[in-house]
Amino acid sequence: MPRPAYRSRKGLRIIKVRTPGGRLVYHYEKKKYNPPRCAVCKRVLNMPKMTPREARKGFRTPGRPYAGFLDHRCLREGIKKAVRLMAGALQ
Ligand SMILES: [Zn+2]
């Protein structure tokens, strides 16, 4: 049982467990988060799994444009598409 302040927080989820004696007790478990995925193809991004809170704090290191949002394949395709569009517009 976590201390009272942590019982209402979003980091933990409550699981109701019926004991052999018929009592209903609450178990607290850490929430599971889905890994970050590419916005286009939904493949798992190659970055550490973290809570949304951690992700907001800047653990997503943007080493390149769209880091933490697109995977390298979709980024490559997007850049190619943009270059083709530009080339077509110039002619
Ligand atoms: Zn992708």
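In short, a report on the structure. (Residues numbered from 1 in each chain as written. Predicted model: local features only at pLDDT ≥ 70, side-chain atom pairs only at ≥ 80, totals over all residues. Heavy atoms only, no water.)

### Considering the side chain of aspartate 71
Part 1 of the argument: Following the sequence through the fold, aspartate 71 ends up in the loop between α2 (52-59) and α3 (72-90).
Part 2 of the argument: The exposure class of aspartate 71 is buried, given its relative accessible area of 5%.
Part 3 of the argument: Here the side chain of aspartate 71 touches arginine 73 through a polar contact of 2.9 Å, side chain to side chain. (Helix = DSSP H or I, 4+ residues; strand = E, 2+ residues; numbered from the N terminus. Buried < 20%, exposed > 50% of the residue type's maximum accessible area, 1.4 Å probe, protein only. Polar contact = N/O pair within 3.5 Å; in protein donor to acceptor, adjacent residues only side chain to side chain.)

### Regarding the pattern of salt bridges
If the charged atoms of two oppositely charged side chains come close together, the side chains can form a pair.
Part 1 of the argument: In this structure the tally under the stated criterion is four salt bridges.
Part 2 of the argument: In this structure, glutamate 77 engages lysine 80 in a salt bridge whose closest nitrogen and oxygen atoms are separated by 3.8 Å. Linking glutamate 77 with lysine 80, this pair stays in helix α3, spanning three residues, or about one helical turn.
Part 3 of the argument: Among the residues examined, glutamate 77 registers a relative accessible area of 42% and is labelled partly exposed.
Part 4 of the argument: Judged by relative accessible area, which is 37%, lysine 80 ranks as partly exposed.
Part 5 of the argument: Each of Arg43, Asp71 and Arg73 takes part in a single network of salt bridges with overlapping partners. (Salt bridge = Lys/Arg side-chain N within 4 Å of Asp/Glu carboxyl O.)

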